[in-house]
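# Structural features, examined
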Amino acid sequence: MARTQALSLMYHDVVDGREHQGSGFPSSDAAIYKVEPLLFAAHMRAIAQAVSEKPSSVFALDQVERRNSVFLTFDDGGVSAYSRVVDLLDSLGWVGHFFVTTGCIGHKSFMSRQQIRELVRRGHVVGSHSHTHPLMMANCSPEELRTEWQSSVDILSEIIGAPVKVASVPGGYYSKQVAETASLAGIEVLFNSEPTTAIHRVGQCLVLGRYGIQQTTSAGVAASLAAGYGVSRIGQGVLWNLKKSLKCIGGEHYLTVRRMVIEKIRAARCDRE
Ligand SMILES: [Zn+2]
């Protein structure tokens, strides 16, 4: 019986606070989502105590209804996925989903092709996080969207020697067209950043929300999210809807501020180091 809901957590890099540029994108904006190694280990211990089933592969989604399962996801393709995260997941017997910005593969602070292959060999799921990580993906033209997904899927499929069927949306800027073009590139499961357990279908693609983890997220909050306790999830939902409202109310001003932030981040992108 197919599930209609899924609980997914969105992590990024796991790095020492003083060395936040050691994995993933180097900007201070990106650092907000990077978790210290000791805190990450505490998160995993707390989640292990809180959930009744091990975090599993999203490809078990259609096989059996398991309301209590959790999907752990890691965005960007920073090297800490290989150096800090995967050993801990393996020690627990858990499966992680690692979403790679293919334009950054092999660059300083990002995983190499060999490290990506090693994640797959160890039973984890590797997917696309676009090719160039546009932060306002929903504002890309249809042609740009198709190129972002298709080139990323082609590169990653060649590296892992298998079709790539899962992806996550960079920057959390989602639209139906983002999912439609992902579906055209062969993506069957797409994670965005909307804090919801609801699943919906766009074309051939299932779209799943995620609850975001930041550097200040406590192990208790991560565990309560994973366990499906409503309070933490409602809190994230309120913040998310507030951000959505600001985008509407702020109009051009919001977009101007957004553009300034994006330019700042682009200036520090992997391919300019
Ligand atoms: Zn990202």
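Right above here is the structure, for reference.
Residues numbered from 1 in each chain as written. Predicted model: local features only at pLDDT ≥ 70, side-chain atom pairs only at ≥ 80, totals over all residues. Heavy atoms only, no water.

### A closer look at empty space enclosed by the protein
As enumerated under the stated definition, the model contains two cavities of 30 Å³ or more in all. The space that makes up the largest cavity amounts to roughly 50 Å³. Taken together, His12, Asp13, Phe74, Asp75, Gly77, Gly78, Ser80, Ala81, Phe98, Phe99 and Met111 make up the lining of the largest cavity. At the level of elements, strand S2 (70–76), helix H3 (80–92) and strand S3 (96–100) are the ones that each hand at least two residues to the lining of the largest cavity. (1 Å grid on protein atoms, 1.4 Å probe; cavity = no way out; pocket = protein on both sides within 12 Å on 5 of 7 lines; lining within 4 Å. Points joined across faces, edges and corners; volume = space filled by probe spheres on them. Helix = DSSP H or I, 4+ residues; strand = E, 2+ residues; numbered from the N terminus.)

### As for the coordination of the zinc ion
Distances from the zinc ion to its protein donors, namely Asp76 (OD), His129 (NE2) and His133 (NE2), fall within the range 2.1 to 2.2 Å. Mapped onto the sequence, the residues coordinating the zinc ion show the spacing D-x52-H-x3-H. (Donors = N, O, S within 2.8 Å, 3.2 Å for Na, K, Ca; no water.)

### Observations regarding unusual backbone geometry
The phi dihedral of Ser109 is positive, around 75°, even though this residue is not glycine. Looking at the element boundaries, Ser109 is found in the loop between S3 and helix H4 (113–121). Notably, His133 is not glycine yet its phi reads approximately 60°, a positive angle.

### Some thoughts on the pairing of strand S4 (residues 125–128)
Summarising the sheet, S3 and S4 pair through four bridges and their orientation is parallel. Within S4, the residue paired with His97 across the bridge is Val125. A crossover links S3 with its parallel partner S4, the connecting element being H4, and its sense is right-handed. (Pairing = 2+ DSSP bridges. Right-handed = clockwise from strand over helix to strand, strands pointing away.)

### Details of the packing of H4 against helix H5 (residues 142–160)
Working note: a packed helix pair is described by the angle between its axes plus the distance between those axes. Axis separation between H4 and H5 bottoms out at 9 Å; the angle between their running directions is 70°. Here H4 lies roughly perpendicular to H5, going by the angle between them. Residues Arg113, Ile116, Arg117 and Val120 of H4 lie in contact with H5, whose contacting residues are Leu156, Glu158, Ile159 and Ile160. Here the residues of the contact of H4 with H5 are counted per class, giving five nonpolar, no polar and three charged. (Axes fitted to C-alpha atoms, helices over the stretch in contact; angles between N-to-C directions. Parallel < 35°, antiparallel > 145°, perpendicular 65-115°, else oblique. Contact = heavy atoms within 4.5 Å. Nonpolar A, V, L, I, M, F, W, Y, C, P; charged D, E, K, R; others polar.)

### Considerations on the nonpolar core
Counting 49 residues, the largest nonpolar core has Leu9, Tyr11, Leu72, Ile116 and Leu190 as the members making the most contacts within it. Apart from the residues lying within four places of it in its own chain, the contact partners of Leu190 are Trp149, Ala167, Ser168, Val169, Tyr174, Val178, Ala179, Ala182, Cys205, Leu206, Val207 and Leu208. Judged by nonpolar contacts, the second largest core, of twelve residues, contains Ala6, Val95, Val125 and Val189. (Core = buried A, V, L, I, M, F, W, Y, C linked by side-chain atoms within 4.5 Å. Buried < 20%, exposed > 50% of the residue type's maximum accessible area, 1.4 Å probe, protein only.)

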